[in-house]
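# Architecture at a glance
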Amino acid sequence: MTQIAEVIVDVPTMQTNRPFDYAIPASLTKQISPGMRVVVPFGKRQLQGFVVAITDQSSFEGTLKEIVAVVDLRPVLNHELLQLSQWLAQSTFAFWISCLQTMLPSVMKASYEKTVRLEPTADPKLATELFQGKQEIPFSEATNLTSAHKLLQLQKEQQVEIVYHVNNRAHKKMLKGLLPTKSVAECEALKANLTKSAKKQALLLAYLTSVAGQTEAIAYQQVLAAVAVSRETLRTAAKKGWFKEVAIEQYRDPYAGHTVEHTRPRVLTAEQAAAVTQISQAVKESQNEVYLVEGVTGSGKTEIYLQVIQDALKLGKTALMLVPEIALTPQMVNRVKGRFGERVAMLHSGLSTGERYDEWRRIERQEAQVVVGARSAVFAPLSHLGVIIMDEEHETSYKQDDMPRYNARDVALWRAKYHNCPVILGSATPSLESRARAQKGVYHLIRLKHRVNDRPMPEVTVVDMKNELKKTTEGNFSELMLTQIRQRLIRHEQSVLMLNRRGFSSFVMCRDCGFVLKCPNCDISLTLHMDTHSMKCHYCGHEEAIPKVCANCHSHKIRYYGTGTQKVEAELKELLPTARILRMDIDTTRRKGAHEKILNQFGQHDADILLGTQMIAKGLDFPDVTLVGVLNADTALGLPDFRASERTFQLLTQVSGRAGRADKKGEVVVQTYNPEHYAIQLARHHDYEGFYKREMTLRHQGNYPPYYFTILLTASHEEENLAAKKIFQLMNQLKPVLSQKAIILGPTPRAIARVNRRYYYQMVIKYKNEPNLNAELTKIMQDNQETKKGIQISIDREPLSFI
DNA sequence: AGCACGCCGACT
DNA sequence: GTCGGCGTGCTC
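What counts, and at which threshold
- Residues numbered from 1 in each chain as written.
- Chains lettered and ligands numbered in written order.
- Predicted model: local features only at pLDDT ≥ 70, side-chain atom pairs only at ≥ 80, totals over all residues.
- Heavy atoms only, no water.
- UniProt positions renumbered as here; feature names shortened; annotations may be inferred.
- Helix = DSSP H or I, 4+ residues; strand = E, 2+ residues; numbered from the N terminus.
- Buried < 20%, exposed > 50% of the residue type's maximum accessible area, 1.4 Å probe, protein only.
- Contact = heavy atoms within 4.5 Å.
- Lys, Arg positive; Asp, Glu negative; His and termini not counted.
- Charge placed at Lys NZ, Arg CZ, Asp CG, Glu CD.
- Near = heavy atom within 4 Å.
- Polar contact = N/O pair within 3.5 Å; in protein donor to acceptor, adjacent residues only side chain to side chain.
- Nonpolar A, V, L, I, M, F, W, Y, C, P; charged D, E, K, R; others polar.
- Core = buried A, V, L, I, M, F, W, Y, C linked by side-chain atoms within 4.5 Å.
- Pairing = 2+ DSSP bridges.
- Axes fitted to C-alpha atoms, helices over the stretch in contact; angles between N-to-C directions.

Identification of chain A as Replication restart protein PriA from Loigolactobacillus backii is taken from an unreviewed UniProt entry. Check the Function (unreviewed entry) section of the UniProt entry for chain A; it says "Initiates the restart of stalled replication forks, which reloads the replicative helicase on sites other than the origin of replication. Recognizes and binds to abandoned replication forks and remodels them to uncover a helicase loading site. Promotes assembly of the primosome at these replication forks." The record held by UniProt for chain A lists under Subunit (unreviewed entry) the comment "Component of the replication restart primosome."

Below, the structure written as structure tokens:
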């Protein structure tokens, strides 16, 4: 009976979002298995696809086509990851093929090429005129020289053939090497037969004697370094059969040249030790539990992670540790590499595609048992997972904002369930979703109340910028901030200044009283739309005129708010001409490695002040930094997002953690127009629990997460009215399916309504329990593909940004 | 996504 | 008459 493979083909559309059946030719039956990539005919073309199952019958009525080739010797996706891909596709409303591809290094995605090949029977004139003596030319080149029609005609006349190529872009770095085949005795015999003048060959044979019996291949490089013979001697020796010449696969080592200092486990505090004991027990007993580790910066979360990993390794299990991209600093990498050495694989955006592929293969071959990486590392092909760790669990970068729109936290929880292993979610400022689950007892809450060595928390001073403006002319620096920076300059200590760029000039605020215009229906800040010269709420669509006077204090100093890093740098240079300033923002860190370079410079005290955007809030730990200044704490508060307070609290807490070390006390100065705002006041007192309680009350009142689930639906079209029409139609389609308890916000135009010549309209569904919602949303995705007409629809489950 | 098929207007 | 524009439907 012929075997049949169910294949997901590389065509990301709704119509092809299902397995297609292919016959497995007899020659391939032995080597093919689910999780392998294959090349299959699809229409006229050839495509790459993934075998997701093997069966012996098909419901397809026609005759099945045969699989052309198998790409992999071994499956690139195991049973777990195949199942995960299916779940991911369903839960994020993405194409299955997109999910399969995001789980693998990008080089494993096929590239396609279309060429025209000359048939032997062709007119000789064609060979010179069109093909210029070549046998095969790219299709695009052919159409440049002649018309597409003419080519088709030539194809019908069997003068040319149109060929579709599927290229594998992943290339392994190969080295030539030798594999010893002769025994010691054989080597001695060969040596005895040599003429006296054959000194080099004698040397080589002596070497071969020393490695006789070794089953591992030795790279030529290594041989040449050990023995004074030339490449040519090796070549002739190989011909004579003294050894076997083999190709050795070489991993690109992204850390070559870096020396990593070996580190030992540190002595734990009582709190840390209790945490490690509890979690390691769960690792040992394969319990699928989630531990939320809530601890301020400096409470030693990383050491807990490392020791739990160590315990997992001792049990022969593996560990996955996820870290936000910006926190993957050399300091962080060295700490893990220093502890586990060769057993660690790193996956982050700093690697070249080739290096990433090599790290992935080291994991896949079980040569690495610990994986540290950013979002996509959650798909690392580790088997026997003992623990999954997600540091800075609240970070929004764990959510991917294009297809598939997955949150690495959900994937981590899924994998932990599959492997029956614990998950550690760590943060100084947990997301309300996670903290609330800990409250309900779904997660175990582990609170670290003390810092290692009982270091005091830095003192935070809040400066009310409304008063400052009355004192001086408009500027970004308060008197206190300047005094503090000057003090650091005198003491040869360093300062870190953060300019919050979130919500840059998108909202209007009164400079006298800090009043921000809010929507009367939603209690969400209104967004300034310069295109329509109005203030809009893009939750409910409310619109009003841009105010000329403050509705609260009738001041005329109401304006949109924001400033750039360059401007601040210039201002700072004028105020403090002697200070050496380093600027770190998107502009100065665009080049690869620039980020690291700036931090190194600052670490070597090449500058007194580091001025930057949010990116400086994480991962940097410099002993001489005793002042952290936040220039504008409240810009994010003005954002039309119910998570605005949460973000502000998290950011302030995080930057505060950058100030001061064991020996030098740190200070934090926060400038704001909203000094009484609870997010700022509670951050000032390092009171996460207080913030959690306060914010939960507000979320409860506003019917927001974690009390409600959310879905963001977006429709876009080049013509505004068509996009609007579609979103209203979708709302009408969904309404009858939803219960009375579901809340629909909108539809409204998106804050930046037009992007890339397309208009965007969106609506938000808030719900608690809607059994029919998933099916209807899936239907919407399918229907839309059939009646497209230029309309694009996207569905985002639990979006982290509503802008 | 491509590619074919089909139908319509604009030309050698 | 035919070339080439794009709307529609299919790919195991």
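There's plenty left to go through after this.
A word on the overall build of chain A. What chain A contains, in helices and strands, is 24 helices and 33 strands. Oriented by its inertia axes, the alpha-carbon framework of chain A measures out at about 100 × 65 × 60 Å. Expressed as a percentage of the 803 residues in chain A, the buried residues total 53%. Considering only residue pairs separated by 6 or more positions, chain A has 75% of its internal contacts joining residues 24 or more positions apart. Across chain A, 103 positive and 85 negative side-chain charges occur, with their mean positions spaced 2 Å apart.

Attention now moves to the protein's contact with DNA strand C. Near DNA strand C lie 13 residues; those nearest to it are Arg18, Asp21, Phe42, Gly43 and Lys65. Put simply, 48% of the atoms of DNA strand C that lie within 4 Å of the protein are in sugar or phosphate. Between aspartate 21 and DNA strand C, the recorded distance is 2.8 Å, taken from a backbone N or O atom to a base oxygen. The backbone of glycine 43 places a nitrogen or oxygen atom 3.1 Å from a sugar or linking oxygen of DNA strand C. Mapped by element, the contributors of at least two residues to the surface near DNA strand C are strand E2 (20–23) and strand E3 (37–42). Per-element tally for the surface near DNA strand C: the top contributor is E2, with three residues. Residue composition of the surface near DNA strand C, grouped by class: six nonpolar, four polar and three charged.

The next thing to look at is the nonpolar core. Core analysis: the largest hydrophobic core is formed by 78 residues, its most contacted members being Leu77, Val371, Leu713, Leu734, Ile765 and Leu777. Excluding anything up to four places from it in sequence, leucine 77 contacts Pro34, Gly35, Phe50, Leu82, Leu100, Met103 and Leu104. One finds Ile616, Phe622, Leu637 and Val655 within the second-largest nonpolar core, a separate group that totals 38 residues.

Each neighbour pair has its own omega, and for methionine 403 with proline 404 the value is -10 degrees, a cis peptide bond. Looking at where proline 404 falls in the secondary structure, it is placed in the loop between strand E16 (385–390) and helix H14 (408–419). Here the residue pair proline 705 and proline 706 is connected by a cis peptide bond, since its omega of 5 degrees sits within 30 degrees of zero. A positive phi is found at glutamine 366, a non-glycine position, where the angle reads about 65 degrees. If you trace the backbone, glutamine 366 turns up in the loop between helix H13 (353–364) and strand E15 (370–373). Even without a glycine there, the phi angle at histidine 384 is positive, about 55 degrees. Structurally, histidine 384 is set in the loop between E15 and E16.

Most of strand E13 (residues 318–322) sits out of view: five of its five residues are buried. Side chains of E13 alternate between two faces, with Thr318, Leu320 and Leu322 and Ala319 and Met321 buried alike. Note: E13 against E16, five bridges, orientation parallel. Paired with threonine 318 across the two strands is leucine 385, which belongs to E16.

Read from one edge of the open sheet, seven strands run E14-E15-E13-E16-E17-E12-E18, paired in parallel fashion. The outermost strands of the open sheet, each flanked by one partner alone, are strand E14 (344–347) and strand E18 (444–448). Averaged over all adjacent pairs, the angle separating strand axes in this sheet is 15 degrees, with direction ignored. Two strands pair when backbone bridges link them, and E16 and strand E17 (residues 423–427) are joined in this way by three bridges, in the parallel orientation. From the neighbouring strand, isoleucine 388 faces E17, where its bridge partner is valine 423. Across the sheet, helix H11 (residues 301–314) lies against strand E12 (290–295), E13, E15, E16, E17 and E18, angled at about 165 degrees from E17, the strand it touches most. Contacting E13, E14 and E15, helix H12 (residues 330–340) runs over the sheet at an angle of about 160 degrees to E14.

This next bit is on the protein's contact with DNA strand B. Neighbouring DNA strand B are Val11, Pro12, Thr13, Lys44, Arg45, Lys114 and Tyr164. Taken together, the sugar and phosphate atoms account for 62% of what DNA strand B places within 4 Å of the protein. One nitrogen or oxygen atom from the side chain of lysine 114 is found 2.9 Å from a phosphate oxygen belonging to DNA strand B. Residues that form the surface near DNA strand B fall into these classes: three nonpolar, one polar and three charged.

Before going further, it helps to examine the UniProt feature "binding site: Zn(2+) 2" (unreviewed entry) in chain A. The UniProt record annotates "binding site: Zn(2+) 2" (unreviewed entry) at Cys519, Cys522, Cys537 and Cys540. Residue placement: cysteine 537 occurs in the loop between strand E23 (534–536) and strand E24 (543–545). Judged by its relative accessible area of 2%, cysteine 537 falls in the buried class.

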